[in-house]
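Understanding the architecture of this molecule
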Amino acid sequence: MITVLPPTVEEIQLWCGRAVSVSLPTGPFESPLRVAEGTDITLVARRRGYADVIFQGVAVRDNAPVSLERFPSDAWWKHIDKEDFRVVDDHDGTYLADADVKPTDGKWVRSERDLGGVEVKVRVNGYEPFCRRCDLTLAPPYVIKVSRCQQKVTLPVELDNGRVGQMILKGVDISEANPRLAGYTLSQGRLVYAPPAPEARTPQTPAATAQSSSRLSFVTGFLSGLLAAGIAMLCYLIFFL
């Protein structure tokens, strides 16, 4: 008989990966075990978000940790759920709770080696279909951004000659009831051009008016002075000649 010790943290990381705990089926493996040399010991590896892995450790020598070399390389399997995904509007980030999300092959339980490129399909009313490969190796939630569908409407439009034509509009968030076309109004189901109001003239400022009045007074005074001088000169000539 030999004494087998619990596995060390280094051995667990080496053979099972990080953030993994190893226990016995009956509970934690914290105390030494007395077993026959070479005995297979059933162990359970646990990792958050993955299914438990049951495998066989080996008692190799006395007073040594149990050997974990038999841990399977493709042991980890992950259950993917619809709640692991968060579908949002790519424009404003609105959460879309009614989104239908599923892997295209329908497999919700997958091996860890397949999580790097899982093809996911998303459908939401009013949005473009989404179908791309997603990396699910990290912890959820997995954020998926979807784009709004472009709408196409045809509306009658009043022409400048009084006739009626057809205008085709295509874009996001438009409808027959709300075409969202700048410069046009919707009247009795018909688009009517509404020209912008003419810009009002800017009234003359008091300062400018005062300046103009001052200039006019100066000119008037100057001309009056010239006229007076001329009359005086004419009188002088008449009197003395």
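Residues numbered from 1 in each chain as written. Predicted model: local features only at pLDDT ≥ 70, side-chain atom pairs only at ≥ 80, totals over all residues. Heavy atoms only, no water.

**Here's the deal with the sheet that holds strand β7 (residues 64-65)**
The cut-off we apply is this: The pairing criterion is simple: DSSP has to find at least two bridges between the two strands. Elements are defined by DSSP. Helices are runs of H or I of four residues or more, strands are runs of E of two residues or more, and each kind is numbered from the N terminus.
One open sheet accounts for 3 strands, arranged β4-β1-β7; its pairing is mixed. Each edge of the sheet is formed by a strand with only one pairing partner; in this case those strands are β4 (33-35) and β7. Direction of pairing for strand β1 (residues 2-5) relative to β7: parallel, over a ladder of 2 bridges. Pairing of V4 across the sheet is with A64, part of β7.

**Points about the sheet that holds strand β10 (residues 100-103)**
Counted only if it meets this: In this analysis, axes come from line fits to C-alpha atoms, helices being fitted only over the stretch in contact, and the angle between any two N-to-C directions falls in the range 0 to 180 degrees.
Read across the open sheet, the 3 strands follow the order β10-β12-β13; overall the sheet is antiparallel. Here the strands that pair on one side only, and so sit at the sheet edges, are β10 and β13 (130-134). The mean inter-strand angle of the sheet, taken between neighbouring strand axes irrespective of direction, is 25°.

**Quick notes on the pairing of strand β2 (residues 20-24)**
As a reminder, the rule being used: Partly exposed residues are those whose accessible area sits between 20% and 50% of the maximum for their type, while under 20% is buried and over 50% is exposed, using a 1.4 Å probe and protein chains only.
β2 sits mainly inside the fold: 4 of its 5 residues count as buried. Both β2 and strand β5 (residues 40-47) contribute to a ladder of 4 bridges, which runs antiparallel. In the strand pairing of β5, S21 is matched with R46. Relative to strand β3 (residues 27-28), β2 is paired through 2 bridges, and the arrangement is antiparallel. Bridge pairing links L24 to G27 in β3. Hairpin connection from β2 to β3: 2 residues lie between these consecutive antiparallel strands.

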